[in-house]
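In case you want the letters, here they are:
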Amino acid sequence: MTTTARTSPTTTSPATTSPATTSPATPVPVPARRGSRRTTGSPVDVPIPMSRLVRVELRKMADTRSGLWLLLGLAAITLVIVVVYFVTATQPERTFLHFMGATLGPQGFLLPVLGILLVTSEWSQRTGLVSFTLVPLRGRVLTAKVLAGLLAGVGAIVVSVAFAALATVVGGAPDGFAHFGLVELGKFGILQLTGILQGLAFGLLFLSSAPAIVSYFVFPTALNIVGSLWKPLQDVQPWIDLWAAQAPLFTADNLTDQQWAQIGTSNLIWVVLPFVLGLVRVLRAEVK
């Protein structure tokens, strides 16, 4: 007799589900990044300090071969000019003022080129996209460039002062430092710093080294030549020609109010106006 085992069906009771109670997620701590600070539990990026941006721009001046050789050439030519004047001038002419004046020429030509390259390198070296991505506010980058350029100009003045002082001490006139004071140093600074600001302005305006450098030398030179040949323009030339307006800074002891006004108007035309136009272009241009 075969016994068939009977299996009773297993009754499965449906799982009893209770409404899920949603609990707020526990915030995961985010590790603080370098250069960030945390307020109210969330990281907030701190803007890169302006001092760091200026240091970066100063380092960029020597990152390219053209910039490095320009800096070395600026110091070397300043030394050569001082040595040549020391050898060719008589001892009464070897004054600190004359040594400083001799360095105005080469520095006046090279400092604006340094300012141009400081701006145009962002486009010629294809670093503009990186710079403006890391610092989205382009105005801060441009401010750092201006400050770096001014510091470079101050550095060039310091080099001139050092070489001129050394030459005056070694074999200068007995009263070699008699006719040089803060007023003369201020005039020297105006000439050099105006030159590098003009270079920055032309660099912003053209965003390319070649046209900026050519325009910087050709346009003012052409205006100066036309003004010297065309008599009707001679009366207004000091008001519109930067070179003619700054000539009293080389020669005059005390400038008149009119001469200072001429320096101001010519700087508005050749420094401020191209700087503003270039600034607008850079702030609105698409960086590729």
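Q: I'd like to hear about the overall build of the protein chain, residue by residue, with values.
A: In terms of regular secondary structure, the protein chain is built from 11 helices and two strands. Taken from the N to the C terminus, the helices and strands of the protein chain come in the order β-β-α-α-α-α-α-α-α-α-α-α-α. A burial count over the protein chain gives 34% of its 288 residues as buried. Roughly 17,600 Å² of accessible area belongs to the protein chain as shown, and the carbon and sulfur atoms make up 67% of that amount.

Q: Explain the pattern of salt bridges residue by residue, including any values.
A: All chains considered together, the criterion is met by four salt bridges. Here Lys145 and Glu57 are joined by a salt bridge, their closest N and O atoms 2.8 Å apart. Within this pair, whereas Lys145 is found in helix H5 (residues 138–171), its partner Glu57 is found in helix H1 (residues 50–61), the two being separated by 88 residues in sequence. Each member of the pair, Lys145 together with Glu57, is buried. Residues Lys145 and Glu122 are paired through a salt bridge, measuring 2.8 Å at the closest nitrogen-oxygen approach.

Q: Outline helix H11 (residues 257–284), listing residues and values.
A: The end-to-end C-alpha distance of H11 is 38 Å, a good match for the 40 Å that 28 residues give at a rise of 1.5 Å each. Among all positions in H11, only Gln262, Ile263, Ser266, Asn267, Trp270, Val271, Pro274, Gly278 and Val282 are buried.

Q: For the nonpolar core, give the residues involved together with the corresponding values.
A: Met61, Leu111, Leu114 and Val282 are the most contacted members of the largest nonpolar core, which has 26 residues in total. If you list the elements that add at least two residues to this core, you get H1, helix H2 (65–88), helix H3 (96–124), H5 and helix H6 (182–206). Considering every element that reaches this core, the biggest residue donor is H5, with seven residues. The contact partners of Val282, leaving out residues within four places of it in the chain, are Trp123, Phe132, Arg138, Leu142, Leu204 and Leu207. One finds Phe99, Phe188, Leu255 and Ile263 within the second-largest nonpolar core, a separate group that totals 15 residues.

Q: For the packing of aromatic side chains, give the residues involved together with the corresponding values.
A: Tallying each qualifying case throughout the model produces nine aromatic pairs. Both rings, one in Tyr85 and one in Phe99, keep their centres 5.4 Å apart while their planes meet at 80°; by these two values the pair is edge-to-face. In this pair, Tyr85 is assigned in helix H2 and Phe99 in helix H3, connecting sequence segments 14 residues apart. Site record: aromatic cluster; members linked through ring pairs are Phe109, Phe202, Phe206, Tyr216 and Phe217. Taking the ring centre of Phe86 as reference, the NZ or CZ of Arg94 above it sits at 4.4 Å. Above the face of the Phe132 ring, Arg138 is positioned so that its terminal group lies 5.2 Å from the ring centre.

Thresholds, definitions, all that
Residues numbered from 1 in each chain as written. Predicted model: local features only at pLDDT ≥ 70, side-chain atom pairs only at ≥ 80, totals over all residues. Heavy atoms only, no water. Helix = DSSP H or I, 4+ residues; strand = E, 2+ residues; numbered from the N terminus. Buried < 20%, exposed > 50% of the residue type's maximum accessible area, 1.4 Å probe, protein only. Areas by Shrake-Rupley, 256 points an atom, 1.4 Å probe, with all protein chains shown as cover. Salt bridge = Lys/Arg side-chain N within 4 Å of Asp/Glu carboxyl O. Expected span 1.5 Å × (residues − 1). Core = buried A, V, L, I, M, F, W, Y, C linked by side-chain atoms within 4.5 Å. Contact = heavy atoms within 4.5 Å. Phe/Tyr/Trp six-rings, centres within 6.5 Å; stacked < 30°, edge-to-face > 60°. Lys NZ or Arg CZ within 6 Å of the ring centre and 35° of its normal.

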